[in-house]
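A structural walkthrough
Take a look at the letters that make up each chain.
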Amino acid sequence: MTEEMKKEETVNETADTAENAVEQDETVQEPEAEAKTETAAEDETKEESDALDEADTPKEKKKLFSKKKDKKDEKIEELTDQLRRQMAEFDNYRKRTDKEKASMYIIGAKEIVEKLLPVVDSFERGLATATQEQLEDPFVDGMNKVYKQLITSLEELGVKPIEAVGAEFNPDYHNAVMHVEDEEVGENIIVEEFQKGYTYKDFVVRHSMVKVAN
């Protein structure tokens, strides 16, 4: 065997030995890598399991349920408050509307009463000038009955005459058109009525025109 052939054989043996060593090393490292990977996966799974177990404990469940309940109660309270406000606003609107309707009714009734008062005045003036004999006349008696019926109807509706002669002057009900010095009468006392005043449901429809003693 020549020298060159020996060198070539030695090189081949060395290469084979190195290749076998690498293969053995890879064979050893592969199980170790797989073992590390499995360990890391197991650790991660354990952490997730621990977190899940912790979240699923009765205490955590109670805490989560309590938070959820608190939010629900807050929402219920908010909606209830809104409902109360709306009911209060509706009640105020209803009361205001009823008051406005009542006011409109009173205003309308007052206008009608104001238009009827001159008719009452005419009856009173006409009957006041009639003599006793004329009052016995059937026609005058009939007019007197109509007058009384009109006064009764107005009283039933809430229309009342304002007290005047002998009463103390009150600017809320009386309109003083004359003053007189009279020592026999107390000061600020009404001594004569020129035109009768009336009220409707405690509202003045027409003030009394009067003479007041100083």
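What comes next concerns the included structure.

Thresholds applied
- Along each chain, residues carry numbers from 1 onward, in the same order as the chain's sequence is written.
- Totals for whole chains, interfaces and linings use all residues, but because this is a predicted model, local features are given only for residues with pLDDT of at least 70 and pairs of side-chain atoms are given and counted only at 80 or more.
- Neither water nor hydrogens contribute to the side-chain values; these are computed over all heavy atoms in the structure.
- For salt bridges, the criterion is a side-chain nitrogen of Lys or Arg within 4 Å of an Asp or Glu carboxyl oxygen.
- Per the convention used, a helix needs a DSSP run of H or I reaching at least four residues, while a strand needs a run of E reaching at least two, with both numbered from the N terminus.
- Relative accessibility under 20% of the residue-type maximum defines a buried residue, over 50% an exposed one, and the middle range a partly exposed one, all with a 1.4 Å probe and only protein chains included.
- Note on pairing: DSSP must find at least two bridges between two strands before they are called paired.
- Here an axis means a line fitted to C-alpha atoms, over the contact stretch when the element is a helix, while the angle between two N-to-C directions is reported on a 0 to 180 degree scale.
- Buried residues of nine kinds, namely Ala, Val, Leu, Ile, Met, Phe, Trp, Tyr and Cys, make up a nonpolar core once their side-chain atoms join them within 4.5 Å.
- We call two residues in contact whenever any of their non-hydrogen atoms come within 4.5 Å of each other.
- Stacked, tilted and edge-to-face pairs are distinguished by plane angle, under 30 degrees for stacked and over 60 for edge-to-face with tilted covering the rest, among Phe, Tyr and Trp rings (Trp via its six-membered ring) whose centres lie within 6.5 Å.

Notes on the pattern of salt bridges
Per the stated rule, a full pass over the model turns up eight salt bridges. We note a salt bridge from Lys-95 to Asp-91, for which the minimum N-O separation is 3.4 Å. Taken together, the residues span about one helical turn, with Lys-95 and Asp-91 both in helix H2 (residues 58–129) at a distance of four residues. The partly exposed category is assigned to Lys-95, whose relative accessible area is 49%. The exposure class assigned to Asp-91 is partly exposed, which follows from its relative accessible area of 25%. Here Lys-145 makes a salt bridge to Asp-141, at a shortest N to O gap of 3.5 Å.

Section: the sheet that holds strand S1 (residues 159–161)
Read from one edge to the other, the open sheet built from three strands follows the order S1-S4-S5, with strand pairing classed as antiparallel. Bordering the open sheet on either side are S1 and strand S5 (203–206), each of which pairs with just one other strand. Sheet twist, expressed as the mean angle between neighbouring strand axes with direction ignored, is 35°. Alignment of S1 against strand S4 (residues 198–200), held across three bridges, turns out to be antiparallel.

So, the sheet that holds strand S2 (residues 174–180)
Read from one edge to the other, the open sheet built from three strands follows the order S2-S6-S3, with strand pairing classed as mixed. The sheet terminates laterally at S2 and strand S3 (189–195), the two strands that pair on one side only. For this sheet, the mean angle separating the axes of adjacent strands, direction not counted, is 35°. As defined by bridge partners, S3 adjoins strand S6 (residues 208–213) across five bridges and the pair is classed as antiparallel. From the neighbouring strand, Glu-193 faces S6, where its bridge partner is Val-210.

Examining the nonpolar core
Grouped together as the largest cluster of nonpolar side chains are 17 residues, with contacts concentrated most on Val-120, Tyr-147, Val-159 and Tyr-200. Put simply, the parts of the chain that give this core at least two residues each are H2, helix H4 (138–157) and S4. Top element by residues in this core is H2. It accounts for seven residues. Ignoring anything within four residues of it in the chain, the contact list for Tyr-200 reads Tyr-105, Ile-106, Ala-109, Lys-110, Leu-157, Gly-158, Val-159 and Val-205.

As for the packing of aromatic side chains
Scanning the entire structure with this criterion turns up one aromatic pair. Here the aromatic rings of Phe-123 and Tyr-147 are separated by 6.1 Å at their centres, their planes lie at 35°, and the arrangement is tilted. Taken together, the residues Phe-123 in helix H2 and Tyr-147 in helix H4 connect sequence positions 24 residues apart. Both residues of the pair, Phe-123 and Tyr-147, count as buried.

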